[in-house]
Amino acid sequence: MIYILLFLFLLIPVIRYDLFAKKGGEELWYWTSVILLVLVAGLRYRVGGDTLVYMAEYSMYPKLDELAFFDFETARYNPLWYIIASVARSIDDNFICFQILHALIVNISFFHFFRKYCPRYYFSAILVWFVGYWCYFSFEVLREVLCISLLLWCIDFLLEKKYLRYYIMCIVALFIHYSAAVMLFFPLLPLVFKRPNWKFQVLILGAVVLFTTVVNIPSLIVGMFSLDEQLEIVIENYFENDMKNIVGKLFEIFSYLPVLGVVWLRERNQLEDEYDFMPIVSLMVVFYGFSSYLGVAGRFLNYMAPFFVVMFVNTVYDILSEVNWRERHVTSIITLCAVTVLSFNYLRYYFKDTSDVYPGTHAYCIFVPYHSVFNPQVDNTRESYVENLRDFAIIF
C-alpha cells in the first residue's frame with residue numbers, strides 16, 4: 001500500500017538525522033519528501049470524502065475571467081474558496097489541476113512550519129503529522145486546511161505581537177472557511193493559559209463537560225440568535241445526530257490524555273520552549289470538552305494540531321536528552337502513556353465503525369484503496385459511503 005511506503009520513506013530521515021544526528025543530505029530528503037507527498041495527494045483519483053463532493057461541483061466553479069459575474073452572495077461556500085479554485089480552473093478544467101495546487105499549498109506550508117518551529121527534529125514532526133493528519137488534511141477538510149495553512153504562515157505575527165497583521169490574516173482565512181473564527185481568540189490565550197498547569201487544565205475540562213451535561217445547548221443557541229423556524233429544525237436535528245452517549249464522551253476525554261501528558265511533563269521537568277505554543281495547545285482542552293458532547297466541535301482541534309505536534313515531538317526528545325536519569329522512570333512512563341494514547345487516537349479515527357453511514361464500512365474507506373490518475377478506478381463502497389454521508393454534512 002502506498003501509505004505504508006510513504007511512512008517507511010519518511011521514517012528513514014527520522015532515524016538518520018533526528019535519532020543519530022547524522023549530517024549531510026537533509027535538504028535533499030526534505031524536498032524529496034515534499035514532492036512525494038504533493039504527487040500522491042495531487043494525482044489521486046476519487047480518494048477522500050470531501051474530495052468527491054468538490055469534484056462533482058467543480059465544473060460549476062467560475063474561472064478567473066468569470067469571477068466578476070459570479071454570484072458570491074448565494075454561493076454555497078466562502079468567496080476565497082472559489083477564487084482559489086478559479087485559478088486552477090483557468091489553468092485546466094480537470095480537477096486534478098486543483099488537487100495539485102491544493103497539495104502544493106498544504107504540504108509546503110506544513111513542512112515549512114515544522115522545519116522552522118521544530119528545527120532540531122523536524123523530520124519527526126513531519127512523520128507524526130503524516131501518520132495522524134496528512135490523509136485527513138489532504139483528502140478531506142480541503143477548505144479548512146487552507147485556513148490552517150494560512151495560520152502557519154502568519155503565526156510569526158502572533159508570536160511577535162503584531163496583532164493588526166495577524167487579524168488581517170484571520171479575516172482572509174474567514175473568507176475561505178468560517179471555522180477560522182477560532183483563530184480570532186489566539187491572541188487572548190496567554191491571558192488564560194499563562195504557563196503549563198495540568199491541574200488548571202483538568203479543572204477546565206471538568207467545567208466544560210459539566211456545562212455540556214447540564215445546559216441544553218441547542219435551545220441556548222436558538223434562544224441567543226433570532227433564527228427562522230427551518231434553521232432551528234436543522235440545528236436541532238444536527239445536534240441530535242451528532243450528540244454522543246456516555247461511552248462516546250469517555251472516549252473523547254481519554255483522547256485528551258496525550259495533551260495533558262505533554263503539559264504535565266513540561267511543567268514537572270521545567271522544560272523550556274523556544275517558541276511558546278503552550279497557550280494554543282492548552283486551548284485544546286476546551287474543544288475536547290465540547291467534542292465529548294458534540295463531535296463537530298472536534299473540528300476546531302485541527303487548528304491546534306500542528307502546534308501540538310511540535311510540542312509533542314520536542315517533549316519526547318527533551319525527555320530523552322535532558323531529564324535526569326533518577327527522575328526519568330516516572331517521566332518515561334508518562335511519555336510512553338502519551339505516545340500510546342496518541343497512537344490509539346489515530347487508530348480509533350481510521351478504524352471507527354461507520355456502518356451507520358454505509359453497511360460494513362470503517363472511516364478509512366474514504367482513503368483506502370488509493371487510486372491515482374494513472375490507474376483511475378472507482379471504488380463503489382467509497383462512492384456509496386460519501387453519498388450517504390452527505391445527509392450528515394449539514395453545517396460544515
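Rules of the game
Sequence order sets the numbering: in each chain, residues are counted from 1 along the sequence as written. With the structure being a predicted model, the display of local features is reserved for residues of pLDDT at least 70 and the display and counting of side-chain atom pairs for 80 or more, all residues being used for whole-chain, interface and lining totals. Heavy atoms throughout the structure, all of them, feed into the side-chain values; hydrogens and water do not. Only DSSP runs of H or I with at least four residues qualify as helices, and only runs of E with at least two residues qualify as strands; both kinds are numbered from the N terminus onward. Only protein chains enter the accessibility calculation, which uses a 1.4 Å probe. A residue is then buried if its area is under 20% of the maximum for its type, exposed if over 50%, and partly exposed in between. Note on areas: Shrake-Rupley, 1.4 Å probe, and residue coverage restricted to the protein chains presented here. A residue counts toward a patch only above 30% relative accessible area and without a salt bridge, and it is joined to like-charged neighbours within 9 Å or, for Val, Leu, Ile, Met, Phe, Trp and Tyr, to nonpolar neighbours within 5 Å. By convention in these notes, a salt bridge is any Lys or Arg side-chain nitrogen within 4 Å of a carboxyl oxygen on Asp or Glu. Planes of paired rings set the category: under 30 degrees apart is stacked, over 60 is edge-to-face and the rest tilted, where pairs are Phe, Tyr or Trp rings (Trp by its six-membered ring) whose centres lie within 6.5 Å. Per-residue confidence from the predictor is reported as pLDDT, which spans 0 to 100. For every element, the axis is a line fit to its C-alpha atoms; helices are fit only across the contacting stretch, and the angle between N-to-C directions ranges from 0 to 180 degrees. An angle below 35 degrees is read as roughly parallel, one above 145 as roughly antiparallel, one from 65 to 115 as roughly perpendicular, and any other as oblique. If you view the pair so one helix is near and one far, a crossing is left-handed when the near helix is turned anticlockwise from the far one by less than a right angle, and right-handed when it is turned clockwise. Contacts between residues were defined by any pair of non-hydrogen atoms, one from each residue, lying within 4.5 Å. Any residue outside Ala, Val, Leu, Ile, Met, Phe, Trp, Tyr, Cys, Pro, Asp, Glu, Lys and Arg is labelled polar, Gly included; the first ten of those are nonpolar and the last four are charged. Polar contacts here mean pairs of N or O atoms no more than 3.5 Å apart (in protein, one a potential hydrogen donor and the other a potential acceptor; neighbouring residues in sequence count only if both atoms are side-chain atoms). By convention a nonpolar core is built from buried Ala, Val, Leu, Ile, Met, Phe, Trp, Tyr and Cys residues, the set being connected through side-chain atoms within 4.5 Å.

*Asks:* So what exactly am I meant to see when it comes to the overall build of the protein chain here?
*Replies:* Helix and strand content of the protein chain: 19 helices and 0 strands. Counting the 396 residues in the protein chain, one finds 49% classified as buried. Just so you have it, the protein chain exposes about 19,400 Å², and 65% of that area is on carbon and sulfur atoms.

*Asks:* Explain a nonpolar patch on the surface here, please?
*Replies:* A contiguous nonpolar patch, built from Met 1, Ile 4, Leu 5, Phe 7, Leu 8 and Val 131 and spanning about 560 Å² of accessible area, is present on the exposed surface. The element contributing the most residues to the nonpolar patch is helix H1 (residues 2-19), with 4 residues.

*Asks:* How should I be thinking about the packing of aromatic side chains in this particular structure?
*Replies:* The geometry of an aromatic ring pair comes down to the distance between the two centres and the angle between the two planes. Under the defined criterion, the tally for this structure stands at 42 aromatic pairs. Ring geometry for Tyr 30 versus Tyr 122: centroids 6.0 Å apart, planes at 80°, classification edge-to-face. Of this pair, Tyr 30 sits in helix H2 (residues 26-42) while Tyr 122 sits in helix H6 (residues 122-139); the two residues are 92 residues apart in sequence, bridging distant segments of the chain. With relative accessibility at 11%, the residue Tyr 122 sits in the buried group.

*Asks:* I keep staring at the confidence of the model for the protein chain and nothing clicks. Help me out?
*Replies:* Low-pLDDT stretches of the model should not have their predicted coordinates read in fine detail. With 84% of its residues at a pLDDT of at least 70, the protein chain reaches an overall mean of 85. When mean pLDDT is taken per element in the protein chain, H2 scores highest with 98 and helix H12 (residues 229-242) scores lowest with 53.

*Asks:* Mind showing me how you'd approach the packing of helix H10 (residues 198-214) against helix H16 (residues 284-291) here?
*Replies:* When two helices pack together, you describe them by how their axes are tilted relative to each other and by the distance separating the axes. Viewed as axis vectors pointing N to C, H10 and H16 meet at an angle of 30°, and their least axial separation amounts to 8 Å. On the basis of their axis angle, the class for H10 and H16 is roughly parallel. Remark: the crossing between H10 and H16 carries right-handed chirality. Mapping the contact onto sequence places Gln 201, Ile 204, Leu 205, Val 208, Val 209, Phe 211 and Thr 212 in H10 and Val 285, Val 286, Tyr 288, Gly 289 and Phe 290 in H16. Here the contact of H10 with H16 is composed, by residue class, of 9 nonpolar, 3 polar and no charged.

*Asks:* Looking at this structure, how should I read the pattern of salt bridges?
*Replies:* Where charged atoms from two side chains of opposite charge approach closely, those side chains can pair. For the coordinates displayed, the defined rule picks out 10 salt bridges. Ionic pairing is found between Arg 115 and Glu 27, a salt bridge with its closest N-O pair at 2.9 Å. Separated by 88 residues along the polypeptide, Arg 115 in helix H5 (residues 95-117) and Glu 27 in helix H2 bring together distant segments of the chain. Of the charged contacts in the structure, one is a salt bridge between Lys 63 and Asp 93, with a shortest N-O distance of 3.4 Å. With Lys 63 in the loop between helix H3 (49-57) and helix H4 (79-91) and Asp 93 in the loop between H4 and H5, the pair connects residues that are 30 residues apart, well separated along the chain. Relative accessible area serves as the criterion here: at 44%, Asp 93 is assigned to the partly exposed category. Within the structure, one salt-bridge network assembled from shared partners comprises Lys 63, Arg 89 and Asp 93.

*Asks:* I'm lost on the environment of Ile 155 in this one. Help?
*Replies:* Here Ile 155 shows up in helix H7 (residues 142-159). When its relative accessible area of 0% is taken as the criterion, Ile 155 is described as buried. Considered as a pair, Ile 155 and Met 169 are 14 residues apart in the sequence and their alpha carbons are 9.7 Å apart.

*Asks:* In this structure, what is going on with the side chain of Glu 57? I would like to understand it.
*Replies:* Here Glu 57 lies in helix H3. Among the polar contacts listed, one links the side chain of Glu 57 to the side chain of Tyr 77, at a separation of 3.0 Å.

*Asks:* Got a minute to help me understand the nonpolar core in this structure?
*Replies:* If you look at soluble globular proteins, the nonpolar side chains tend to sit buried side by side. Residues Phe 114, Trp 134, Phe 186 and Tyr 303 are the most contacted members of the largest nonpolar core, which totals 115 residues. Counting residues per element, this core draws most heavily on H6, which supplies 14 residues. With residues up to four places along the chain from it excluded, the contact list for Phe 114 reads Pro 119, Tyr 122, Ala 125, Ile 126, Trp 129, Pro 306, Val 309 and Val 310.

*Asks:* Would you mind going over H3 with me for this structure?
*Replies:* Since the α-helix packs 3.6 residues into each turn, any two residues three or four apart lie on the same face. Buried within H3 we find Gly 49, Thr 51, Leu 52, Val 53, Tyr 54 and Glu 57. Turning to H3, the residues buried within the fold contact H4, H5, H6, H7 and helix H19 (380-389).

*Asks:* In this structure, what is going on with the packing of H2 against H5? I would like to understand it.
*Replies:* Running from N to C, H2 and H5 cross one another at 150°; their axes reach a closest spacing of 8 Å. Seen along the crossing, H2 lies across H5 with a hand that is right-handed. Between H2 and H5, the residues in contact are Glu 27, Tyr 30, Trp 31, Ser 33, Val 34, Leu 37, Val 38, Ala 41 and Gly 42 and Ile 96, Gln 99, Ile 100, Ala 103, Leu 104, Asn 107, Ile 108, Phe 111, His 112 and Arg 115, respectively. Per-class residue counts for the contact of H2 with H5 are 12 nonpolar, 5 polar and 2 charged.

*Asks:* In this structure, what is going on with the environment of Ile 4? I would like to understand it.
*Replies:* Its place among the elements puts Ile 4 in helix H1. Considering only alpha carbons, one finds Ile 4 and Val 131, 127 residues apart in sequence, at a separation of 9.8 Å.

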